[in-house]
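Observations on chain architecture
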Amino acid sequence: MAETTAAPASSAVEQVPVGKRVYLLLEYAVLFFGVIAVFDTVADGVSPIPFLVVLGVGCAIYLYRQPGFDREDLIRLPAVREHVPSILGLWAAATVVALICVALLLPEDLFGFPRSDPARWALVAIAYPVFSAYPQELIFRAFLFRRYRHVFGTGPGMILASAAAFGFAHIIFSNWFAVVATTIGGLLFAYRYQRSRSLLAVSIEHGLYGLMIFTVGLGQFVYHGAG
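Our subject in this report is the structure included herewith. (Residues numbered from 1 in each chain as written. Predicted model: local features only at pLDDT ≥ 70, side-chain atom pairs only at ≥ 80, totals over all residues. Heavy atoms only, no water.)

**Observations regarding unusual backbone geometry**
- Here Ser174, not a glycine, exhibits a phi torsion of approximately 55 degrees, which is positive.
- As for its placement among the helices and strands, Ser174 is situated in the loop between helix 7 (156-169) and helix 8 (176-196).
- Positive phi is not limited to glycine here, since Arg197 has a value of about 55 degrees.
- On the basis of relative accessible area, Arg197 is assigned to the buried category, the value being 14%. (Helix = DSSP H or I, 4+ residues; strand = E, 2+ residues; numbered from the N terminus. Buried < 20%, exposed > 50% of the residue type's maximum accessible area, 1.4 Å probe, protein only.)

Listed below in structure tokens is the structure:
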């Protein structure tokens with residue numbers, strides 16, 4: 001049976017003055033590429049988690065103050081239940097692929113984080129969904145989808161814009177795997193948010209992939225403390 005979804009807005013760019021669209025496009029470029037590039041230059045090795053939490057709170061405040069924003073988008077439990085089978089199915093398949101790749105290409109790293117430091121691995125597994133995944137989804141999905149809908153619409157253009165910003169943000173880890181993997185993940189998460197209109201659903205999905213990466217032996221590429 002095909003999934004039903006919360007009805008998304010039209011994918012067409014809303015009719016707003018050209019000047020406003022240009023301004024928003026420049027703002028998007030500065031916030032999601034310029035600021036990240038500066039952070040990567042001046043804060044090398046600094047944990048982004050405190051910044052994510054603060055920015056996530058700021059985005060939540062912005063969204064709550066937006067007329068017409070459906071606050072149910074932040075949770076939407078019926079959509080969570082509806083999308084869980086798809087989320088788990090894709091995640092299970094990706095986990096199998098990741099395990100095979102690590103076993104073949106990086107055998108010494110297989111389950112390296114939980115084997116070498118199980119206490120810290122458990123702490124990351126608990127804290128990551130709350131202090132990293134959900135704030136990132138507030139920023140790169142809920143805020144970005146709402147703020148820049150006049151520029152990118154709510155269809156494929158928005159999915160690409162969200163994924164590009166999300167992937168670029170991971171240049172702070174200074175490796176190609178982090179950028180490529182998170183760009184692909186960004187496409188999935190943006191599509192999930194577009195279809196479900198549930199930030200909780202996409203945050204669960206994001207958290208599961210983070211846990212998988214930290215567990216199978218790829219954590220060193222996306223977490224300074226997982227080596």
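**Topic: the pattern of salt bridges**
- Applying the stated criterion across every chain, the model contains 7 salt bridges.
- Here Glu27 ties to Arg147 by a salt bridge, and the two come within 2.8 Å at their closest N and O atoms. Of this pair, Glu27 sits in helix 1 (residues 18-42) while Arg147 sits in helix 5 (residues 118-147), and the two are 120 residues apart along the sequence.
- For Glu27, a relative accessible area of 14% corresponds to the buried category.
- Among the ionic pairs, Asp117 bridges to Arg120, the shortest N-O distance being 3.1 Å.
- Taking relative accessible area as the criterion, Arg120 reaches 32% and is therefore assigned partly exposed.
- What you see here is one network of salt bridges that share partners, running through Asp70, Asp73, Arg76 and Arg197. (Salt bridge = Lys/Arg side-chain N within 4 Å of Asp/Glu carboxyl O.)

**Concerning the packing of aromatic side chains**
- Enumeration over the complete set of coordinates arrives at 17 aromatic pairs.
- Relative to Phe32, the ring of Tyr28 lies with its centre 5.6 Å away and its plane at 40 degrees, an arrangement referred to as tilted. Here Tyr28 pairs with Phe32, and both are found in helix 1, just 4 residues apart, close to one helical turn.
- Judged by relative accessible area, Tyr28 falls into the buried class, the value being 7%.
- Phe32 gets classed as buried once you look at its relative accessible area, which sits at 5%.
- Each ring, one from Phe145 and one from Tyr193, has its centre 5.0 Å from the other, and the planes form 85 degrees; the classification is edge-to-face. One end of the pair, Phe145, is in helix 5; the other, Tyr193, is in helix 8, and 48 residues separate them in sequence. The same class applies to Phe145 as to Tyr193, namely buried.
- An aromatic cluster of at least three residues, connected via ring pairs, comprises Tyr28, Phe32, Phe33, Tyr62, Phe140, Phe143, Tyr148, Phe152, Phe166, Phe168, Phe189 and Tyr209.
- Taking NZ or CZ as reference, Arg141 lies 4.6 Å from the ring centre of Phe166, over its face.
- The ring of Tyr193 is capped by Arg197, whose NZ or CZ atom sits 4.7 Å from the centre of that ring. (Phe/Tyr/Trp six-rings, centres within 6.5 Å; stacked < 30°, edge-to-face > 60°. Lys NZ or Arg CZ within 6 Å of the ring centre and 35° of its normal.)

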